[in-house]
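An overview of the molecular structure
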Amino acid sequence: MTNLLRKFVNCPFMYSFLLCAYVAVTDGYKPVILVHGLFDGPGQFSSLIKFISESHPGTTVIAIDLYNDDDSIQPLWKQVEGFKKAIYPIMQNSSDGVHLICYSQGGMICRGLLATLDDHNIHSAIFLSAPLAGQYGGIDSRFWWSSMSKKMLYLFCYTAIGQMVSVCNYWNDPYHQRMFLSGNTYLALLNGDRTHANITTWKNNFLRIKKFVLIGGRDDGLISPWQSSLFSFYDDKGNVVDMRNTNWYLKDVFGLRTLDLRKDLVQCELDGIEHIKWPHVEEVYTSCIEEWLRA
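Structural notes, computed from the coordinates. (Residues numbered from 1 in each chain as written. Predicted model: local features only at pLDDT ≥ 70, side-chain atom pairs only at ≥ 80, totals over all residues. Heavy atoms only, no water.)

Comments concerning helix 8 (residues 199–206)
Filter applied, for reference: Classification of residues uses two cut-offs on accessible area relative to the type maximum, computed with a 1.4 Å probe and protein chains only: under 20% is buried, over 50% is exposed, and between them is partly exposed. Helix and strand definitions follow DSSP, with helices as H or I runs of at least four residues and strands as E runs of at least two, each counted in order from the N terminus. The directions considered for the arc are those from the helix axis to the C-beta atoms. We call two residues in contact whenever any of their non-hydrogen atoms come within 4.5 Å of each other.
Among the residues of helix 8, those classed as buried are Trp202, Asn205 and Phe206. The buried side chains of helix 8 occupy one side of the element, clustering within an arc of 100° when seen end-on. If you follow the buried residues of helix 8, they end up packed against helix 2 (76–92), helix 3 (105–116), helix 7 (187–190), strand 7 (211–216) and helix 10 (256–261).

What follows is the structure, given as structure tokens:
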């Protein structure tokens, strides 16, 4: 097996702030870019990097070292711009394209990237237990509002101040949709719940991907509902509506139905896996990820 050269890459000459990436460098395959989740950083991908390197020893794996730990609560549009500046040079240097694996909140960042990068060359976009349709529950104890009932959180999240916190950017209260539509500045736009001038451009950008892989499971314990990781969500009565019966799918607002009809949408459901364990379970990699890194 090819020996791996692991190093930090700094780009101070490119931006006014420091961007770093944790890189496992070898030859062959398309590069794989990893985007981490809430209150964490590139270190959470140690197991996943090992799985990729062992099965595809010709792979360059880059875990973006940006907006880590407490900085991960910054507003998502700000994070999207930061990750865009870090990822774009990697894509430019990869004429055959790249793969993108986005975990948890990282999936929400990647949704913004896929919508707003006009000329991206992302081949497989793999979303690992990400609250793609929104989050309603599972409040992390590190937030000051963790003791607040989820039924009341909309009062904070759908304000200008609330929208400065990443989690509020995808907090989707099914019982207060009018406030969600008027107060949310991120998810409501990305999923086309609220119309805007960029909706057609964002859809075309999203459809540049070749595979859209959604991974989740009923024992996740954090993503709420867990089916949000498969683009299903609650209706106004608290019942989970399957992805293919949601308005954004039926109306093909941002391209989900088009991907499905192209047979480029993949859903992979695994039971028995807690949220924090998704990047570390080899079965997740072999059953849901590895195949889509071969192209």
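Describing the pairing of strand 3 (residues 32–35)
Selection rule: Here a strand pair is declared whenever DSSP counts at least two bridges between the two strands.
Residues of strand 3 alternate between two faces, with Val32 and Leu34 on one and Ile33 and Val35 on the opposite face, all of them buried. Pairing between strand 3 and strand 4 (residues 61–65): 3 bridges, direction parallel. What sits directly across from isoleucine 33, in strand 4, is isoleucine 62. Where strand 3 lies against strand 5 (residues 98–103), 4 bridges are found, and the strand directions are parallel. Bridge assignment links leucine 34 to a residue of strand 5, and that residue is isoleucine 101.

Some details on the packing of helix 2 against helix 3
The line we're drawing: A fitted line through C-alpha atoms represents every axis, and for helices the fit uses only the stretch in contact; the resulting angles, taken between N-to-C directions, go from 0 to 180 degrees. Roughly parallel covers angles under 35 degrees, roughly antiparallel covers those over 145, roughly perpendicular covers 65 to 115, and oblique covers all other angles. Rotating anticlockwise by less than a right angle from the far helix to the near helix defines a left-handed crossing, while the corresponding clockwise rotation defines a right-handed one. Three residue categories are used. Nonpolar comprises Ala, Val, Leu, Ile, Met, Phe, Trp, Tyr, Cys and Pro, charged comprises Asp, Glu, Lys and Arg, and polar comprises the others, including Gly.
At a minimum axis separation of 9 Å, helix 2 and helix 3 run at an interaxial angle of 70°. Between helix 2 and helix 3, the interaxial angle falls into the category roughly perpendicular. Along this stretch, helix 2 crosses helix 3, giving a crossing that reads as right-handed. Residues Leu76, Trp77, Gln79, Val80, Phe83, Lys84 and Ile87 of helix 2 touch helix 3, and the partners they reach there are Gln105, Met108, Ile109, Gly112, Leu113 and Thr116. Residue classes in the contact of helix 2 with helix 3 are distributed as 8 nonpolar, 4 polar and 1 charged.

Some words on the packing of helix 3 against helix 8
It is the contact of helix 3 with helix 8, at a shortest axis distance of 6 Å, that shows an interaxial angle of 105°. The orientation of helix 3 with respect to helix 8, classified from their angle, is roughly perpendicular. Where helix 3 abuts helix 8, its residues Arg111, Leu114, Ala115 and Thr116 lie against Thr201, Trp202, Asn205 and Phe206. Looking at the contact of helix 3 with helix 8 residue by residue, the class counts come to 4 nonpolar, 3 polar and 1 charged.

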